[in-house]
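In case you want the letters, here they are:
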Amino acid sequence: MSPPPNLRIVLLGKNELDNARVGNLILGRDAFQTEALEASEEQVSERVRGQPENFSEEDRNKVKSILGMFSYEAINYTIVLTTVRSARHVSESFTVKREDSFALIINECGMRHHMFDTIDRFDQNQVVKLFERVDSMMKRNGGRYLTCKKTETMTGTSLHLGVKPLQKRGREEDLAEDEEMQKKRREALRPSQDPTVTHQLRNSVWKESKESVREHAQGVMVQVQNKLDHCDRSSATLIDYIRTSIQDLQKKPTQKIIIGVFGQTGCGKSSLLNAILGEYELLPTATLGACTSVIIQVEAKTESNYRATIDFISKEEWHKELKCLLHDLAEPEDKRNKDICKMAEDKIEALYGPESRKSFKELISDHKIADLLSLGTKSFSHPQALALSEEIKPYVWHHEDDLGNLYWPIVKAVKIEVPKQKELPENIVLVDLPGTGDYNQTRDEMWKQMLRECTAVWIVSDINRALSEKAPWEILDRNMTYMMQGGECTSIAFICTKTDNLEVQSYMSSQKLTDEKLQVTNNSDRKRKCILHRNGKAKDQVKKKANKEYGVKPLVFTVSSHEFWSEKKLEQKDTEIPALREALKTFNDSYTNKVAKQYFSSAIGILHLIQAPTNIDRSKLHSELTKKLEDEWKNLRQNRLRPFYNQLEKSLSVGVQKAAKKCVEITSEQVKVPPGKDGRGYHQTLSALCRNKGYFRSRDGETRDLNRALAVVMQNSINKKFNNLFPNEVRTGQSVQEKIKGQSVQEKIKGESVQEKINEFSICSINVSEGYSKPEAMTHILNFLKAKEAKLKEKAHEDILKTKKDMYASIEDTVKEEMIAGYTEAEKQTGPGSMEEKIKVLKKHAESVKCTMFNKAKSKILNVFNQLMNQIEFDFKTTLQEAMAHALSESTFSMDVSSEIEKMEELSAQHEDSIPSTE
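Residues numbered from 1 in each chain as written. Predicted model: local features only at pLDDT ≥ 70, side-chain atom pairs only at ≥ 80, totals over all residues. Heavy atoms only, no water.

1. What about the overall build of the protein?
Within the protein, the regular secondary structure consists of 29 helices and 15 strands. Expressed as a percentage of contacts within the protein between residues at least 6 apart in sequence, the contacts between residues at least 24 apart total 79%. (Helix = DSSP H or I, 4+ residues; strand = E, 2+ residues; numbered from the N terminus. Contact = heavy atoms within 4.5 Å.)

Below you can see the structure in the form of structure tokens.
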């Protein structure tokens, strides 16, 4: 059996001959020379006699030291491999005796141990079992390979002789890398005629520099962990606390930055995303088929293949929807809503084929659809993007030639993973959020939830219709509060596509342009100059309209996906695809920089805890800190946060009165027949609204949302207060919340947010220079506690962001809960005059619940606010009390990490210096 493709294995061992034989066994051929290494059987036996019984603590430390030189993560990719020569007496006892060095190294390698019965002849079964263990290890590591700095090949080097040469090589390599880095830095700082080149070079240097600094920092903490292994176990509780804290540092954050991309079918959205991803055909485009309202998200993963996961709706939900679709199609021709019936036909024919005039019972007996629904999810994986694109087409688009073999009506969402080395940064998720298409309740709920999670929103429109078309502007208007008060959006961008679609003579004539005005030097340059001229005008006009009518100041990009690939008329930079990629990198770098700062803060804090000596006035400091903790939190709660509660309660009370007053009027307006609409078909729209608990969206994007319309009055009353109390984190540029209409940047009052008040909290303002015998020792403890506070404040920020979204959404959720009884009753009205009866039922129900509905919403928000404060208080108190208990415990633990503190602070400063200016 051959090793899996791209698998690289490093063999470390004391016996050079066995290393070569194991290598040959794995490869199934004589790749490594063994004859020159042969010794007499007596010499070999003498050399390995007693192993692994004589695998000493020194051997274990040398193994870990070498692994640490590859990467701090290397031990997670290590398998302990023993042979019959060196492990005649290996048994399960070696994996359970904690005091045994061999057992400890197996334990530290995640209990991964494999033994070859023989290494003198090829045995396929042994190798297969090894590869199975490797495969299992890779899965535990998320499918990722180990990445590490380049090291010198050490063929035939023993553990005893290998350490110093490798360390020496490392120092030489570091000097060479430093010299190369300085050269790149000088190049980056040197003025360039092309600012784009300079900016890209600066970012390249920054990326290389910051990664190198982080690797050094992680290496320092690995060394500290190794030192802990030799400490006196009489202080086991404290040592375990420190060890756990260091292990927590190594955990990778799971949070992603979500970029929501909106746009109607045919606006060039899929082509745009393909160009950004550097894939000509990954996402199916609407060139030959109509894209649907399936949500597609794309992110980078470590696998080399392209992978897609299809998430289906439940069988129960589809059966419920199918009944409704058949009911709509059963309506007489003269009472039909053409849009609703066309949508119903498309869904049924997509799944079951053209002319599917079958009963509900016959349709649900279709085994192919039933099998997909029972799966829940389905995955595809391919080494090529085009092959994956072909696989997912039936799940995301509609084409008349493939009826009966399309599955998008039962798809909730599609998740696509691209190889990590592609253009998409590792912490970014691009989400295609269709603004139009068929309505499905599950997809709609997921759509709203995803919108609330977006850090940035891109609204895509054809440049020729960017100003005149209503759809992109309705997306902005309809979803502003979802993105801001109800979400975490910090950036909005308009992307005008298809900029190459221009008739030159017509444009020049309409704009009264001449070759002289455009500075055209030759005929081939004329179209490029016209495109760039129109791009500039479009940017100015979109910015003006967005600011004047919606109170936002978006970024505007004018792109051509076609020219990005062909470069016939435009250079790549003129297509602005590189600019969008740079915007994604800016988000990603901002996030990774924040994570790195948190790492350095926590790591330095841990080192200060270790450095704190034992013979200090612990009891006195513990008493003072405990009192400080109680006083500080009491002050924060009563004097800083309680006023916020009162202000919010006041704004909510005003909102309750206004919403109750307008409740019936809004209901009447929302359910009446729209002007210009055929009342004969409107009853189907109204029925769909009742069936979907207050929400209906047509295939052309027209939306009717009674729950939201009723909630918006109350939401408007608290919007300004929400902006001040819970501003979204600003990663790039100004906060979107500070740009909304009716609130200028100057109106955002400093110190008026919940987070800012929590950031003022600290128990570390104690003066240890007086009344303490060893002020420097006390400073170590305070520095450790400051790092704990910083971590708690970051967690509080995440909790506040999540909770404020829940609070804001609870208004609409409460309205929906209170209105459900009305929707259910209205849906029961059938026969002649049923439309008028539905309207009466809904208005009557709104009248009956208006006094209680909004008060319930108010109570929910205030209760959630209180729960948030209680949770933050609990987190702060329990975490700091535990930290104080360990830092001030009576312990004999002693370990000098002063050099590590100095090194880590130096690395932290280097990381700060490596961040390029945004100017």
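2. Notes on the confidence of the model for the protein
With 80% of its residues at a pLDDT of 70 or more, the protein has an overall mean of 80. Long-range and interchain partners of residues 39-51, a stretch whose pLDDT sits below 50, account for 12 contacts in this model, where long-range means more than four residues apart. Within the model, the stretch residues 730-749 combines pLDDT values under 50 with 58 contacts to residues more than four positions away or in other chains. (pLDDT = per-residue confidence, 0-100.)

3. A closer look at the packing of aromatic side chains
The relative placement of two aromatic rings is captured by the distance of their centres and the angle of their planes. Scanning all chains against the criterion turns up 16 aromatic pairs. Residue placement shows lysine 323 over the ring face of phenylalanine 360; its charged tip is 5.2 Å from the ring centre. Note that arginine 708 overlies the ring of tyrosine 482, its terminal NZ or CZ placed 4.0 Å from the centroid. (Phe/Tyr/Trp six-rings, centres within 6.5 Å; stacked < 30°, edge-to-face > 60°. Lys NZ or Arg CZ within 6 Å of the ring centre and 35° of its normal.)

4. Concerning the sheet that holds strand β5 (residues 295-301)
Read from one edge of the open sheet, nine strands run β7-β6-β9-β5-β10-β3-β11-β12-β13, paired in mixed fashion. Looking at the sheet topology across the chains shown, the edges are occupied by β7 (377-382) and β13 (555-558). The mean angle between the axes of side-by-side strands here comes to 20 degrees, regardless of whether they run parallel or antiparallel. Bridging between strand β6 (residues 306-312) and β7 involves six bridges; their strand directions are antiparallel. Within β7, the residue paired with aspartate 311 across the bridge is threonine 377. Together, β3 (257-262), β5, β10 (428-432), β11 (454-462) and β12 (491-497) form the strand contacts of helix α9 (residues 269-277), whose direction differs from that of β10 by roughly 165 degrees. Of the strands in this sheet, β3, β10, β11, β12 and β13 touch helix α22 (residues 577-611), which is tilted by about 150 degrees from β3. (Pairing = 2+ DSSP bridges. Axes fitted to C-alpha atoms, helices over the stretch in contact; angles between N-to-C directions.)

5. Describing helix α4 (residues 101-108)
Among the eight residues in α4, six count as buried, and that is most of the element. For α4, every residue scored as buried is listed here: Ser101, Phe102, Ala103, Leu104, Ile105 and Ile106. Looking at the buried positions of α4, the neighbouring elements they touch are α3 (57-70), β1 (80-83) and β2 (113-116). (Buried < 20%, exposed > 50% of the residue type's maximum accessible area, 1.4 Å probe, protein only.)

6. A short note on the packing of helix α16 (residues 470-483) against helix α19 (residues 523-550)
One can describe the packing of α16 onto α19 by two numbers: an axis separation of 12 Å at closest approach and a directional angle of 35 degrees. When you trace α16 past α19, the crossing you get is right-handed. Contacts between α16 and α19 involve Trp473, Leu476, Asp477 and Met480 from the first element and Val542, Lys545, Ala546 and Tyr550 from the second. Broken down by class, the residue content of the contact of α16 with α19 amounts to six nonpolar, no polar and two charged. (Left-handed = near helix turned anticlockwise from the far one by under 90°. Nonpolar A, V, L, I, M, F, W, Y, C, P; charged D, E, K, R; others polar.)

7. A few points about the pattern of salt bridges
Applying the stated criterion to the full structure yields 44 salt bridges. Ionic pairing is found between lysine 393 and glutamate 390, a salt bridge with its closest N-O pair at 3.0 Å. One end of the pair, lysine 393, and the other, glutamate 390, are both in helix α14 (residues 385-396), three residues apart, so they sit about a helical turn from each other. Residue class for lysine 393 comes out buried when judged on its relative accessible area of 17%. Residue glutamate 390 is classed as partly exposed on the basis of its relative accessible area of 44%. When the shortest N-O distance is used, the salt bridge between aspartate 705 and lysine 448 registers 3.6 Å. One end of the pair, aspartate 705, is in strand β15 (residues 703-705); the other, lysine 448, is in helix α15 (residues 441-453), and 257 residues separate them in sequence. The burial state of aspartate 705 is the same as that of lysine 448; both residues are buried. What emerges from the salt-bridge pattern is a single network uniting Lys256, Glu299, Lys301, Lys415 and Glu417. (Salt bridge = Lys/Arg side-chain N within 4 Å of Asp/Glu carboxyl O.)

8. What to know about the environment of glutamate 333
With respect to the secondary-structure elements, glutamate 333 resides in the loop between α10 (315-329) and α11 (338-352). Measuring from C-alpha to C-alpha, the distance between glutamate 333 and glycine 681 comes to 9.2 Å, with 348 residues separating the pair along the chain.

9. Some points on unusual backbone geometry
With a phi close to 55 degrees, lysine 498 is a non-glycine residue in the positive phi region. When you line up the elements, lysine 498 lands in the loop between β12 and α17 (504-510). The phi angle at lysine 693 is positive, at roughly 60 degrees, despite the residue not being glycine. Take lysine 693: it is sitting in the loop between α24 (679-691) and β14 (695-697).

10. Examining helix α1 (residues 16-27)
Taking 1.5 Å per residue as the helical rise, α1 with its 12 residues ought to reach 16 Å, and the 17 Å between its terminal C-alpha atoms agrees with that figure. Most of α1 is tucked away: 10 of the 12 residues are buried. Taken together, the buried positions of α1 are occupied by Leu17, Asp18, Asn19, Ala20, Arg21, Val22, Gly23, Asn24, Leu25 and Ile26. Looking one or two places after α1, you find glycine 28, whose phi comes out positive at around 75 degrees. (Expected span 1.5 Å × (residues − 1).)

11. Focus: the environment of threonine 892
Note on placement: threonine 892 falls in the loop between α28 (834-887) and α29 (898-914). Of the residues examined, threonine 892 reaches a relative accessible area of 61% and is grouped as exposed. Along the chain, threonine 892 and serine 235 lie 657 residues apart, while their C-alpha atoms are 6.6 Å from each other.

12. Some words on the pairing of β12
Counting buried positions over the seven residues of β12 gives seven, a clear majority of the element. Of the two faces of β12, the one lined by Ser491, Ala493, Ile495 and Thr497 and the one lined by Ile492, Phe494 and Cys496 are each fully buried. Examined bridge by bridge, β11 and β12 share seven bridges and lie parallel to one another. Bridged to valine 460 within β12 is isoleucine 495. Each parallel crossover has a hand, and for β11 linked through α16 to β12 it is right-handed. The pairing of β12 with β13 spans four bridges and is parallel. In the sheet register, phenylalanine 494 faces β13, and the bridge partner there is valine 556. (Right-handed = clockwise from strand over helix to strand, strands pointing away.)

13. A word on the state of the cysteines
Tallied over the entire structure, the rule returns zero disulfides. Just so you know, cysteine 663 is unpaired, no disulfide at all, and the nearest cysteine sulfur is the one on cysteine 851, 9.1 Å from it. (Disulfide = S-S within 2.5 Å.)

14. Re the nonpolar core
Within the largest apolar cluster, 104 residues are counted, with the highest numbers of intra-cluster contacts made by Val754 and Phe854. The element contributing the most residues to this core is α28, with 20 residues. Sequence-distant contacts of valine 754, defined by excluding residues within four places in its chain, comprise Leu641, Phe644, Leu725, Phe726, Ile800, Phe865 and Met869. Ala275, Ala308, Leu322 and Val559 belong to the second-largest nonpolar core, a separate cluster that totals 65 residues. (Core = buried A, V, L, I, M, F, W, Y, C linked by side-chain atoms within 4.5 Å.)

15. Description of the packing of helix α23 (residues 618-671) against helix α27 (residues 775-827)
Packed helices, taken two at a time, are described by the angle between their axes plus the distance between the axes. Viewed as axis vectors pointing N to C, α23 and α27 meet at an angle of 25 degrees, and their least axial separation amounts to 14 Å. Between α23 and α27, the angle is such that the two are roughly parallel. Seen from above, α23 lies across α27 with right-handed handedness. Only Met778, Ile781, Leu782, Leu785 and Met807 of α27 make contact with α23, whose side of the interface consists of Leu621, Leu625 and Leu648. (Parallel < 35°, antiparallel > 145°, perpendicular 65-115°, else oblique.)

16. A word on the environment of tryptophan 633
With respect to the element layout, tryptophan 633 can be found in helix α23. Exposure remark for tryptophan 633: the relative accessible area of 2% places this residue in the buried category. It is 9.2 Å that separates the C-alpha atoms of tryptophan 633 and isoleucine 763, two residues lying 130 residues apart in sequence. Residue contacts for tryptophan 633: discarding those within four places in its chain leaves Phe761, Met869, Ile872, Glu873, Phe876 and Lys877.

17. Section: the pairing of β3
Taken across its six residues, β3 has six buried, putting it largely inside the fold. Burial along β3 is two-sided: the residues Ile257, Ile259 and Val261 and Ile258, Gly260 and Phe262 are all buried. One ladder, built from five bridges, connects β3 with β10; its direction is parallel. Paired with isoleucine 257 across the bridge in β10 is isoleucine 428. Two strands pair when backbone bridges link them, and β3 and β11 are joined in this way by five bridges, in the parallel orientation. Among the inter-strand pairings, valine 261 is bridged to a residue of β11, identified as tryptophan 458.

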